[in-house]
Structures are given as structure tokens and as C-alpha cells.
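Observations on the model geometry
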Amino acid sequence: MGGQKNFEELLLFSDECSWCMYDPKKDRMIREYDHDEIHRSNEDPRIIVLKDGLLFSETSVEFLGKISTPMLLMTYSGFPVFFERLEIRTVRISIPRKVLWEGTTKAFYDARTRQVEGDVVVDIGAIGIRMPIDMYKATYTQSLLDLKAPSLSSVPITVLMTSRARNLSDMLIYEFFGQWQILLDYMSSFMDEEKFSKDEMTNYGLFMYHAIYQQRKRMEEVSSKFPYFMSTLANKVGVSTEVEHIYQKQQRQLFQLSAQLKSQFVELENLLSQMTYVHAKNDEYKKRMDQAYKENSQRKIGGALIAGIGVTVLTGGLGLILPAKVIFSGWSDAKQREELTKIQVEQEFNKNDFLFKKAVDLIRHMNAFTIDHHVDLLNQFTFESLQLEAREIMRLEPSYRQKERLLEQSVHLYAKNTLPIDFSQGVVPQKIITSILDKPMVKDEEIESLFLK
């Protein structure tokens, strides 16, 4: 390799298993090296020693200099590219001496995404750029900060506080009621049905049971931890720890809401747990349950509602209605046993049908009356906490650093609410938040009809 003169056109990159050399002009891999077959010279850091040659002179310096500012990423097909944010509003994807794509930051982050293992693949034209999820989130958040930072000095602190408060409130709504809304979106394909098959009842019922159980747990977790989260953010802005009573009161209010809803959630769990399910391993169930949860929660949100699911039922059920051992002892011939089996199957179906429809009816009732009321209460409690917190912030001596912290917090909260939960399904918290808050208004005549008929 010492006789070649155009080393600057080669890219050298590493994955977990090997080092690869790539020729961007010919768009092909040149060769591959194990990690022990390549190292930097101890005598001259400009020289990279290969098992069959050298990369030397200005090549290694130029190469190392280029990757210090742009980020070196991979295309979905496995070739390295440079990712650069040239200006506040511009992104460039390139290889040496050739720009593959250049456009606005908004165009890049609005592009279609999908998840491959721990990476996000961003489809830009004919190119699929593969980025670690954490890197995608970090660069997205930083791009938002860079857009807003230049005008920070002229923005009133009250505007920053209002934006931060709105994003905090949205996050709390999502964390407290998000799983309930996803369950409703999932159930919308069969909520108004009157008849269900055996498989539909067991599939739906099992899914609903675990979703309700997780929702109840999540409410208690949020009630316990979210006030501490708000307190930590306020302290970073400069609010004294002497006002912890604001967050202690908020915590009591959240636990109060959780307690009020707990009895109905427990009633739902009891109804659904009495249904008869098929026995199987819980770890396999959880894996399939998580996948079904992602797929079915997206159907309504994406506007492509599909009736029915294919969730494999994997958890154990209760005993059968009839005392089989006693009856079998009196019925000895095959025909009688066959008749008994039919009776047992019918009794089991009727039991599941009764329990399942009662659970669906209770969920429908909670959605129409109970949940909306508690969403309003949550908004009221949150507003009170944020209002008290705002008074404490306004008492501080305003400074540019304080405004920077408010902006950073607001942008990070906004990014959390607007980035997908899962990049393959595109489920975005903000869409779920909108569904929770965007309830149809009940007409006066409908309310009157409840009491005057």
C-alpha cells in the first residue's frame, strides 16, 4: 500500500468485530482487518500500521481531523458516511468529496424512521442513515436548543416559564394516564361489539388484564416519583429547597387520585382474572404481550384501525365451573363423558362471556364518566403546583443563566413528549396526550336525559 498516493479517498472504520477499509469513489469495501491486525504507530501517531501495509503521511491526520467535528455514521447497507450540522438549520450527509444529501434540520428529523435493534434508521431519499437511538435523541434536542438560543436574551422569562409549565403538565398527563389511553385505542376495534368468539375473549381479556394491572402500578409510581422530579428541576433553576411543601402537597394529591381509581381498576382485574386462559410460560407471554401492545396501540393513532389481534394466550386460568371429578365417577361410558365435556365447554364459554362483557362495560363506563373527571382533577392539581412554583421563580433575581436553564428544561421536556416511544411503530406521547385531553363535549340535553327521563 506504500506505493498508492490517494490515501485521502479511503475511509477506515471499526465495528465490534473488525476494522474495514472503504473506497468512497468506487463505493465498495477494499478489505477487512481483525482488531489485532491494525494499530497506530507508537513512534508517529500519523501512521496506522496494517498487517499488509501502512496508512501514513497526511492521510491519517486528515482522516482523524475530519471525524473530530462531523460524526461518522453508517448507512443501513453498511457503508460509512459523515453526519454534519453545518448551521443551525442545515444537515449534511457526505463522504469525502461528495455530498449525498443536504437539507434543513426539520426535513431530517421529519423523515420516516424505523428501529433496528438499538439504532434508528432515518430514510433520507434513497439513503438510510443508521444512528444510535441516544444519539438521534441528543442531536434532535440539541437542534431545538440551537434554534431557540439566539433569541433567548430578548424572550421574557414569563414566556419561558409558561412553555416549561405546559411541557411539564403534558408529561404528567402522559405518564399518569398514557397506558389507559393506549388500552382504549387498542379496544376501539371491538368496544361496541356484542358477540365474541372464545379465542377473541381470551386474547382480548388477557391483554386487558395486564394493561389494567400495569396502569394501576404506573399511577402509583408516578404519584411517588414525579413530585421529586419537579422539585429537582426547580432546584436547578434556583428555587430554594425550603419550598418542598409545594411538591409534598402535589404528591398527596396524586396519591389521592390513584386511590380513588384503584378500586375500579382492582374490580376490572378481578373480573378478568376469573376468566379461563391457556397455560404457558410467562416470559414468552411477556415478549408477545409487549409486541402486541406496540402494534395495537398504534392502530387508532395512525388511523389504520384493524379489527382483531393475534396475541397468543399464555397465562394460566382458574378451575372449571363443574366439579369434574365427582361427575365423572357417576358417568362411566364414553357418550356420557362426551356430553359432560360439551357441558363444561359451554359453561366455561358462558362464564368467560359474562365476565368479559362486564369488564368491557365497566371500562366503557369509566371512560365516559370517571376518567374524564380525574383528568380534570389532575390538570387542576398540576396547575396549582406550577403556579406556586412560578411565584418562587419570579422571586429570584433574573439572570441569563436562569433563562438558559428554563429553556434547556423546556426543550428536553418537549423532545420527550414529541419523540416516538418506539421508532418502528411511530407511537408519539404527544398524540396520546391529545387523545386524553381531546374528549367530546357532553351536550346539555344528554346530561338532562340522565335525570329527567
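Because the structure is predicted, anything quoted here is derived from the model rather than measured.

As a further point, take the pattern of salt bridges. On inspection of all chains with the given rule, the structure shows 15 salt bridges. A salt bridge links Arg 130 to Glu 117; the shortest N-O distance between them is 3.6 Å. Taken together, the positions of Arg 130 in strand β13 (residues 127–132) and Glu 117 in the loop between β11 (113–116) and β12 (119–124) put the pair 13 residues apart, joining distant regions of the chain. For Arg 130, a relative accessible area of 21% translates into the label partly exposed.

A general trend in soluble globular proteins is that nonpolar side chains are found buried together. One finds Phe 108, Leu 183 and Met 208 to be the most contacted residues of the largest nonpolar core, which totals 94 residues. Of all the elements, helix α4 (residues 157–187) adds the most residues to this core, at 16 residues. With residues near it in sequence (within four places) discarded, Met 208 still touches Leu 183, Met 187, Phe 190, Leu 272, Phe 356, Ala 359, Val 360 and Ile 363.

With that out of the way, let us pick up the pairing of strand β9 (residues 90–95). Of all the six residues making up β9, five are buried; the element is thus mostly covered by neighbouring parts of the structure. Of the pairings in the sheet, the one linking strand β8 (residues 80–87) to β9 comprises five bridges and is antiparallel in character. Counterpart to Glu 84 in the pairing with β9 is Arg 92. Taken together, the six bridges between β9 and strand β10 (residues 98–104) define a ladder with antiparallel strand orientation. Among the inter-strand pairings, Val 91 is bridged to a residue of β10, identified as Gly 103. Hairpin connection of β9 to β10: two residues between the antiparallel strands, including Arg 97 at a positive phi of 70 degrees.

Right, let's get into the side chain of Thr 139. With respect to the helices, strands and loops of the structure, Thr 139 is situated in helix α3 (residues 133–148). Side chain to side chain, Thr 139 and Tyr 109 meet in a polar contact 2.7 Å long.

Now for the packing of α4 against helix α6 (residues 245–273). Contact geometry of α4 with α6 gives a least axis separation of 13 Å together with a crossing angle of 5 degrees. When the interaxial angle is binned, α4 and α6 end up roughly parallel. For the pair α4 and α6, the contacting residues are Leu 172, Phe 176, Phe 177 and Trp 180 in the first and Gln 250, Leu 254, Leu 257, Ser 258, Leu 261 and Phe 265 in the second. Of the residues belonging to the contact of α4 with α6, the class tally is eight nonpolar, two polar and no charged.

Turning to the packing of aromatic side chains, a few remarks are in order. For the structure on display, the rule yields 18 aromatic pairs. A centroid spacing of 6.2 Å and a plane angle of 85 degrees characterise the contact between Phe 190 and Phe 196, whose relative ring orientation is edge-to-face. In this pair, the class of Phe 190 matches that of Phe 196, namely buried. Ring geometry for Phe 196 versus Tyr 204: centroids 6.5 Å apart, planes at 90 degrees, classification edge-to-face. A residue is classified by how much of its surface remains accessible, and Phe 196, at 8% relative accessible area, is buried. The exposure class assigned to Tyr 204 is buried, which follows from its relative accessible area of 3%. Ring pairing ties together the aromatic residues Phe 83, Trp 101, Phe 108, Tyr 109, Tyr 136, Tyr 140 and Phe 423, which thus form one cluster.

As a further point, take the side chain of Gln 251. Residue placement: Gln 251 occurs in helix α6. Polar side-chain contacts of Gln 251 include one of 2.9 Å to the backbone oxygen of Ser 224. Apart from the residues within four sequence positions on either side, Gln 251 is in contact with Ser 223, Ser 224, Pro 227 and Tyr 228.

For the pair α4 and helix α11 (residues 429–437), the least separation of the axes is 9 Å and the interaxial angle reads 80 degrees. Regarding the angle of α4 to α11, the classification is roughly perpendicular. Between α4, through Asp 170, Ile 173, Tyr 174, Phe 177, Gly 178, Gln 181 and Ile 182, and α11, the contact on the second element is made entirely by Pro 429, Gln 430, Ile 432, Ile 433, Ser 435, Ile 436 and Leu 437. In terms of residue class, the contact of α4 with α11 is built from nine nonpolar, four polar and one charged.

About the cut-offs
Within each chain, residues carry numbers counting from 1 in the order of the written sequence. pLDDT decides what is reported in this predicted model: residues at 70 or higher carry local features, side-chain atom pairs at 80 or more are listed and counted, and totals for whole chains, interfaces and linings draw on all residues regardless. To get the side-chain values, all heavy atoms of the structure are used, and hydrogens and water are removed first. Within this document, salt bridges are pairs made up of a side-chain nitrogen of Lys or Arg and a carboxyl oxygen of Asp or Glu, the two lying within 4 Å of each other. Runs of E in the DSSP output that reach at least two residues are strands. Runs of H or I that reach at least four are helices, and both are numbered from the N terminus. Classification of residues uses two cut-offs on accessible area relative to the type maximum, computed with a 1.4 Å probe and protein chains only: under 20% is buried, over 50% is exposed, and between them is partly exposed. Remark: nonpolar core denotes a set of buried residues (Ala, Val, Leu, Ile, Met, Phe, Trp, Tyr, Cys) joined through side-chain atoms within 4.5 Å. For this analysis, residues touch if any pair of their heavy atoms sits within 4.5 Å. Strand pairing follows a simple DSSP-based rule, namely that at least 2 bridges must link the two strands. Here a polar contact is recorded for every N or O atom pair within 3.5 Å, except that within protein the pair must consist of a potential hydrogen donor and a potential acceptor, and residues adjacent in sequence are included only if both atoms are side-chain atoms. Note on geometry: axes are C-alpha line fits, over the in-contact stretch for helices, and angles between N-to-C directions span 0 to 180 degrees. For classification purposes, angles smaller than 35 degrees are called roughly parallel, those larger than 145 roughly antiparallel, those between 65 and 115 roughly perpendicular, and all remaining angles oblique. Each residue is assigned to one class: nonpolar for Ala, Val, Leu, Ile, Met, Phe, Trp, Tyr, Cys and Pro, charged for Asp, Glu, Lys and Arg, and polar for all the others, Gly among them. Aromatic pairing here means that ring centres of Phe, Tyr or Trp (its six-membered ring) are within 6.5 Å. Orientation follows from the plane angle: under 30 degrees is stacked, over 60 is edge-to-face, and everything else is tilted.

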